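The chain contents come next:
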Amino acid sequence: MFNPRAIAGGAWPVLIHVGRMSGATYRTPLDAHPVDGGYLFVLVYGSRSDWVQNVLAADGARLRVGGKEMELAAPRLVGEDEAFRILPDEVARPPRLLRITEFLRMDLVRVP
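The rules we used
- Residues numbered from 1 in each chain as written.
- Predicted model: local features only at pLDDT ≥ 70, side-chain atom pairs only at ≥ 80, totals over all residues.
- Heavy atoms only, no water.
- Helix = DSSP H or I, 4+ residues; strand = E, 2+ residues; numbered from the N terminus.
- Buried < 20%, exposed > 50% of the residue type's maximum accessible area, 1.4 Å probe, protein only.
- Contact = heavy atoms within 4.5 Å.
- Pairing = 2+ DSSP bridges.
- Axes fitted to C-alpha atoms, helices over the stretch in contact; angles between N-to-C directions.
- pLDDT = per-residue confidence, 0-100.

A. Quick peek at the side chain of His33. Relative to the helices and strands, His33 is located in strand β3 (residues 32-35). Given the relative accessible area of 11%, His33 is considered buried. Residues within four places of His33 in sequence aside, it is in contact with Gly38, Tyr39, Leu40, Val42, Leu87 and Val91.

Here's what the structure looks like:
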């Protein structure tokens, strides 16, 4: 559960994505981890989650972190071996009890 004030105040990263069927814009607070060239998202509820399917269908999304918005592209599912290799050491790995094996990686779009 995320506190709406924390979301509005920029305390949590918020993924902005478009519904693949509705075309509506959604804002989903997530734990986004910066990695080399982009961001990694832990798929707590798996790759079948609506937000994941929306991002994959749209081939990207925007991410608001600390009041700044950035464009992300080339979403792809990665396994835990790759995810754990690219995550910074200071980022806690999900507990094995949760059995999380899928992660979503997206590249930061470079603006010339």
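Once the structure has been displayed, the description carries forward.
B. Quick peek at the sheet that holds β3. Spatially, β2-β1-β5-β6-β7-β4-β3 is the arrangement adopted by the 7 strands of the open sheet, whose pairing is antiparallel. If you trace the sheet from one side to the other, it starts and ends with β2 (25-29) and β3, each paired once. Averaged over neighbouring strand pairs, the angle between their axes works out to 35° when direction is ignored. Sitting on the sheet, helix α2 (residues 50-58) is in contact with β1 (14-18), β2, β4 (38-42), β5 (60-65), β6 (68-79) and β7 (102-108), with an inclination near 60° to β1.

C. Focus on the confidence of the model for the protein chain. For the protein chain, per-residue confidence averages 88 on the pLDDT scale, and 88% of positions sit at 70 or higher. For the protein chain, the element scoring lowest by mean pLDDT is helix α1 (residues 4-8), at 64; α2 scores highest, at 97.

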